[in-house]
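# Understanding the architecture of this molecule
Residues per chain, in single letters:
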Amino acid sequence: MPEQEFRKLVRSIGWLGVYLLGAVSTLFLGLFIFMNQKPTPSITAPTTPTQTAALSIAERSAQSGDAQLQDGYAFFVHTDETLGPQQENPTRRITGNGLKCSSCHLNEGTQPFGLPLNGVSQRFPQYRGREDKVGTLAERVNGCFTRSMNGKALDTIQYEMKAIISYIDWLDVNQAGTEAQKVKGLKPIELPNRAVDLTHGKDVYDRACALCHQGNGLGLKNPGAISYTYPPLWGPDAYNNGAGMSRVITAAQFIKNNMPFGINYENPILTDEEAYDVAGYINQQTRPQKPNLEQDFPNLVKKPVSTPYPPYLDPFPQSQHQMGPYPEIIAYYAEKYKEVKKN
Ligand code: HEC
Ligand code: HEC
C-alpha cells in the first residue's frame, strides 16, 4: 500500500483500527492455514543415493512387487476400508471402530515420537507386563486389534496378520539409518504434581482440538464415507478403555508431541500441563468397554500407573489412577517394589 493511502487509512480509522485490522487478518490467515492442514504424511526420504529418494512409502511398497507387503501396507494405513466393521467378507471384519493403525502410528508408522514402528521387529519376542509373559510381535499387534481398534484378535498365522508383519518388517529395513528409526514409542513429559483439571482440559480441547475432532469428540467424515477425515477421540468408533491411549500419561505424551495435527516433537505448541489436562478430559468421556480387563497384568507390579481400571497393588483410589496426581504413586512403586514406572 502506498504511504499516502496508508496515512489516509490511519487518519480515518486511527492506529488502533489499523492494529485491529492487522490482528484480524493475521487471525484469519492463521485459521485458514490451520484448517487447510490436511493429514498428508511427509515421509523423510531414505539417505541412500538412489533415484527412489523422493518416493513415498506407498510408492516404494508398491514398487516392491511383493503382494503380501502391499496388502500389509493397505491394512495398516487403510484399516477402516480393508479390515473394518463394514467389510462384506466376514473374515475381513476384524476391527470394531473407525480408526486406522496409522491414526496413532503416525506417518504410516514412521513418525519420531508418534509411536513409530521402526525397529519393532527386532525388539520382539519381548516381555509384556499386560500378559506377564514373553509375547510375539503377532500377539502385540493383536493387543492393538482388540483394544486400540476395539476388534477381534487375528489368528497369528492368518494372512492378514502375516501381511501386517511383513509391512512392519519392511519398514525396518526401508527406514534404516533415518531419524525415525532411532527413536521408539513416545517422548516423556514432565508430569504435573496434581490431579487432571477437567475444566482446563475442556478449555484446551475446545480451543485446540475441536476444530478437527469436533466438539462432540466423534470425529468427522463425509456422509456415506467409511473413512474419517478426522478420527473420533471418544464415542462408539473410538479406542476402547483397555487401549494404551486410554492411559492419561500415554495419551498426554502422544498429544504433546503430535497434536494439533501438523506439529511434531521439535515444535510442540501445547505445554505439558495442557497436554495432561486435555488427555484426562478425553479419557473421561464414554468409549467402548473391553470385557475381562481385570485379567490384564497378572503381575500387578507391572501395571502402568495410569491404567484406568482396577485391580491395583497399591492403596491409591481408581480415580487417582485415572486422573493423578501420579508422582506419589510412582514413588510408591519405586520404594516398595523397586519398579520404575513410565506411564
Ligand atoms: C488408538 C491408538 C492406536 C491405534 C489405532 C493402534 N495402536 Fe498400536 N499402539 C498404540 C500405543 C499407545 C502403543 C504403545 C502401547 C503401550 O505402551 O502399551 C502401541 C503399540 C503397538 C506396537 C508395539 C510397538 C512397540 O514399540 O513395542 C505394535 C506392533 C502396534 N502397536 C501395532 C499396531 C497395529 C498393527 C495397529 C492396527 C491394527 C495399531 N497398532 C493400532 C496405539 C495405537
Ligand atoms: C488439524 C486437525 C487436528 C487437530 C486440530 C487435532 N487433531 Fe488429533 N488427529 C488429527 C488427525 C488427522 C489424526 C489422525 C492422523 C492420521 O491418520 O494420520 C489425529 C489423531 C489423533 C489421536 C489418535 C487417534 C484417535 O482418534 O484416537 C488423538 C488421541 C488425537 N488426535 C488427539 C488430539 C488432541 C487432544 C487435540 C487437541 C490438542 C488434537 N488431536 C488436535 C487431526 C487433528
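What comes next is a walk through the structure. None of these values were measured; they are calculated from a predicted model. (Residues numbered from 1 in each chain as written. Chains lettered and ligands numbered in written order. Predicted model: local features only at pLDDT ≥ 70, side-chain atom pairs only at ≥ 80, totals over all residues.)

At a minimum axis distance of 11 Å, the contact between helix 7 (residues 137-146) and helix 8 (residues 159-174) shows a crossing angle of 105 degrees. Looking at the two axes, helix 7 sits roughly perpendicular to helix 8. Counted together, Leu137, Ala138 and Val141 of helix 7 and Met161, Ile164, Ile165 and Ile168 of helix 8 form the full contact between these two elements. (Axes fitted to C-alpha atoms, helices over the stretch in contact; angles between N-to-C directions. Helix = DSSP H or I, 4+ residues; strand = E, 2+ residues; numbered from the N terminus. Parallel < 35°, antiparallel > 145°, perpendicular 65-115°, else oblique. Contact = placed C-beta atoms within 7 Å.)

The next subject is the site of ligand 1. Neighbouring ligand 1 are 25 residues, the closest being Cys101, Cys104, Cys144, Ser148 and Gly244. Put simply, the parts of the chain that give the shell around ligand 1 at least two residues each are helix 6 (120-123) and helix 7. The leading source of residues in the shell around ligand 1 is helix 7, at four residues. When its residues are assigned to classes, the shell around ligand 1 shows 15 nonpolar, seven polar and three charged. Counting the residues that make up the shell around ligand 1, at least three belong to each of domain 1 (57-182) and domain 2 (186-343). (Near = placed C-beta within 6 Å. Nonpolar A, V, L, I, M, F, W, Y, C, P; charged D, E, K, R; others polar. Domains from an automatic or database assignment.)

Helix 12 (residues 248-258) sits mainly inside the fold: 11 of its 11 residues count as buried. Tucked into the core, helix 12 has its buried residues touching helix 5 (106-109), helix 13 (272-283) and helix 14 (318-323). (Buried ≥ 20, exposed ≤ 12 C-beta atoms within 10 Å, placed from the backbone.)

Here the focus is the site of ligand 2. Neighbouring ligand 2 are 30 residues, the closest being Cys209, Cys212, Pro231, Pro260 and Phe261. Those elements giving two or more residues to the shell around ligand 2 turn out to be helix 11 (210-213), helix 12 and helix 13. Here the shell around ligand 2 spans two domains, and each of domain 1 (57-182) and domain 2 (186-343) adds at least three residues to it.

Note: most residues except glycine have negative phi, and most peptide bonds are trans. Residues Phe124 and Pro125 are joined by a peptide bond in cis, for which omega reads -5 degrees. Its location among the elements puts Pro125 in the loop between helix 6 and strand 1 (126-128). The residue after Pro310, namely Pro311, is reached through a cis peptide bond having omega 0 degrees. Structurally, the position occupied by Pro311 is in the loop between helix 13 and helix 14. For Asn292, which is not a glycine, the phi torsion comes out positive at approximately 60 degrees.

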